[in-house]
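Okay, here's what each chain looks like letter by letter:
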Amino acid sequence: MKLYLGILIFFVGQIIGWYHLNLQKFSTWWEDKPLMAAIIMGIPTSLCFWHAWRLVSESMDSVWSARFIGSCTGFIVFPILTWFILGESMFTTKTMICLFLSFAILFVQIFY
């Protein structure tokens, strides 16, 4: 249960982190407010990653697993949100291969 909760929290952290970095791309109000973005979204993002890291590394007994799972959740969230919200296609060969590999790594970390 800890593992799946940790993965879910990694996903939440990656989503907040995506908005933290990309609000400036689609909202002119955020263009000149990096400190406000860091405070409002950086703190919850950091807390999500900290707790997810603890849960995953404890359940897997490995910080390597936490690292791979955290990275894979980021590469799953990033292309989907970038395509859906910013309109940048994720349907390139390179991106789709990387997305497939992220799912494969996540699968290996959870089930192997």
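Residues numbered from 1 in each chain as written. Predicted model: local features only at pLDDT ≥ 70, side-chain atom pairs only at ≥ 80, totals over all residues. Heavy atoms only, no water.

(A) Quick peek at the overall build of the protein chain. Across its full length, the protein chain holds four helices and zero strands. If you line up the protein chain on its principal axes, its C-alpha atoms span 45 × 35 × 20 Å. Put simply, the protein chain has 112 residues, and 36% of those count as buried. Pairs at least 24 residues apart make up 67% of the contacts formed inside the protein chain by residues separated by at least 6 positions. Per element, the accessible surface of the protein chain, about 7300 Å² overall, is 72% carbon and sulfur. (Helix = DSSP H or I, 4+ residues; strand = E, 2+ residues; numbered from the N terminus. Buried < 20%, exposed > 50% of the residue type's maximum accessible area, 1.4 Å probe, protein only. Contact = heavy atoms within 4.5 Å. Areas by Shrake-Rupley, 256 points an atom, 1.4 Å probe, with all protein chains shown as cover.)

(B) Broad picture of the environment of Phe100. Structurally, the position occupied by Phe100 is in helix 4 (residues 93-111). Taking the C-alpha atoms as reference, Phe100 lies 9.0 Å from Ile76; in sequence the two are 24 residues apart.

(C) Focus on the nonpolar core. Core analysis: the biggest nonpolar cluster contains 16 residues, and Leu3, Val56, Ile69 and Leu106 have the highest contact counts within it. At the level of elements, helix 1 (2-26), helix 2 (34-60), helix 3 (63-86) and helix 4 are the ones that each hand at least two residues to this core. Residues in contact with Ile69, not counting those within four places in the same chain, are Leu3, Ile7, Phe10, Val56, Leu106 and Gln109. (Core = buried A, V, L, I, M, F, W, Y, C linked by side-chain atoms within 4.5 Å.)

(D) Molecular detail of the packing of aromatic side chains. Applying the stated rule across the entire model yields eight aromatic pairs. Between Trp18 and Tyr19, the aromatic rings sit 5.1 Å apart at their centres with planes inclined by 85°, giving edge-to-face as the arrangement. Measuring from ring centre to ring centre gives 6.3 Å for Tyr19 and Phe26, while their planes differ by 75°; the resulting arrangement is edge-to-face. On the basis of relative accessibility, which here comes to 38%, the residue Phe26 falls in the partly exposed class. Counting every residue linked through ring pairs, the aromatic cluster contains Trp18, Tyr19 and Phe26. Of note, Lys33 hangs over the ring of Trp29, and the distance from its end group to the ring centre comes to 4.3 Å. (Phe/Tyr/Trp six-rings, centres within 6.5 Å; stacked < 30°, edge-to-face > 60°. Lys NZ or Arg CZ within 6 Å of the ring centre and 35° of its normal.)

(E) The packing of helix 3 against helix 4, seen in detail. Interaxial distance between helix 3 and helix 4 falls to 9 Å at its minimum, and their mutual angle equals 145°. Considering the relative orientation of helix 3 and helix 4, their crossing is left-handed. In contact with Ser65, Phe68, Ile69, Cys72, Phe75, Ile76 and Pro79 of helix 3, helix 4 contributes Thr95, Cys98, Leu99, Ser102, Phe103, Ile105, Leu106 and Gln109. Residues belonging to the contact of helix 3 with helix 4 are distributed by class as follows: eleven nonpolar, four polar and no charged. (Axes fitted to C-alpha atoms, helices over the stretch in contact; angles between N-to-C directions. Left-handed = near helix turned anticlockwise from the far one by under 90°. Nonpolar A, V, L, I, M, F, W, Y, C, P; charged D, E, K, R; others polar.)

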